[in-house]
Amino acid sequence: VVLFSDEALSFADPARNQNMSPEQLAWLEADLAATQASQVYVFLHHPRWTKTYTGSNWDRVHKLLVEDGRVQAVFAGHIHKYRDDGERDGIHYYTLAVTGGHASKRLSDSASFHHVDLVRVRREGFKVSVLPVGSVWGGDVVLGGELDAMQELLGGDWLQVSGRAELACE
């Protein structure tokens, strides 16, 4: 389920602008009722459940998710800091850090970092893996032409290799 947390497109009146509209709440209720999925995951831009959004009607949204009984996790972004808010009534809440935006210099080691999250869903539940950029090799770690050149060098009788080369990773 993807919710639209930018409905008001304004922050002028936080008590009003940070709420999900009655129309969206009705849509959410109908959408949950219509799906036959055994597990449901919710995504939105702003983590409306955090202290940053006092005045939000997230408690009403959370109640709908709990009443459905299949919602496993809710994922948001916007604040550019990673936070695992744990489980509330059986639903796990996560806020992703930076996935292409600007990382905070003050929290870059612990909470504000570029990353990709891998969510593995199985019948018995889900697991989240946080993959900070730079700690995972891309699919182009060894290009075909490079490997051909290495093989050619190894095949010549002018080069002898002893030991092994290792890639340094931080």
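Just above, that's the structure.
Residues numbered from 1 in each chain as written. Predicted model: local features only at pLDDT ≥ 70, side-chain atom pairs only at ≥ 80, totals over all residues. Heavy atoms only, no water.

It is worth spelling out the side chain of T50 at this point. For T50, the position within the fold is in the loop between β1 (40-43) and α3 (58-68). Among the polar contacts listed, one links the side chain of T50 to the backbone oxygen of P47, at a separation of 3.0 Å. Those residues in contact with T50, other than ones at most four positions away along the chain, are R83 and D85. (Helix = DSSP H or I, 4+ residues; strand = E, 2+ residues; numbered from the N terminus. Polar contact = N/O pair within 3.5 Å; in protein donor to acceptor, adjacent residues only side chain to side chain. Contact = heavy atoms within 4.5 Å.)

Okay, the pattern of salt bridges next. One pass over the structure, following the stated rule, counts four salt bridges. Across the pair R88 and D59 runs a salt bridge whose closest N-O atoms are separated by 3.0 Å. Note that R88 is positioned in strand β3 (residues 83-88) and D59 in helix α3, a separation of 29 residues in sequence. The residue R83 makes a salt bridge to D85 at a minimum N-O spacing of 2.8 Å. (Salt bridge = Lys/Arg side-chain N within 4 Å of Asp/Glu carboxyl O.)

Below, the discussion takes up the nonpolar core. Grouped together as the largest cluster of nonpolar side chains are 18 residues, with contacts concentrated most on L3, L44, W58, V61, L65, V71 and V74. Counting only elements with at least two residues in this core, the list comes to α2 (22-34), β1, α3, β2 (71-76) and β4 (91-95). Among the elements that take part in this core, α3 stands out by supplying four residues, more than any other. Discounting residues that sit within four places of it in the chain, V61 has contacts with L3, M20, L25 and L28. If you look at the next biggest cluster of nonpolar residues, it comprises eight residues, including A73, Y82, F113 and F126. (Core = buried A, V, L, I, M, F, W, Y, C linked by side-chain atoms within 4.5 Å. Buried < 20%, exposed > 50% of the residue type's maximum accessible area, 1.4 Å probe, protein only.)

Attention shifts here to α3. Listing the buried residues of α3 in full gives W58, V61, H62, L64 and L65. Seen end-on, α3 carries its buried residues on one side only, within an arc spanning 160°. (Arc of directions from axis to C-beta.)

This part covers the sheet that holds β2. An order of β1-β2-β4-β3 is seen for the four strands of this open sheet, with the pairing classed as mixed. Taken across any chain shown, the strands that pair with only one partner, and hence form the sheet edges, are β1 and β3. Here the average twist between neighbouring strands, direction ignored, is 15°. Pairing analysis gives five bridges linking β3 to β4, with the strands arranged antiparallel. By the bridge assignment for β4, R83 is matched with T95. In the packing of α3 onto the sheet, contacts are made with β1, β2, β3 and β4, and the angle to β4 comes to roughly 135°. (Pairing = 2+ DSSP bridges. Axes fitted to C-alpha atoms, helices over the stretch in contact; angles between N-to-C directions.)

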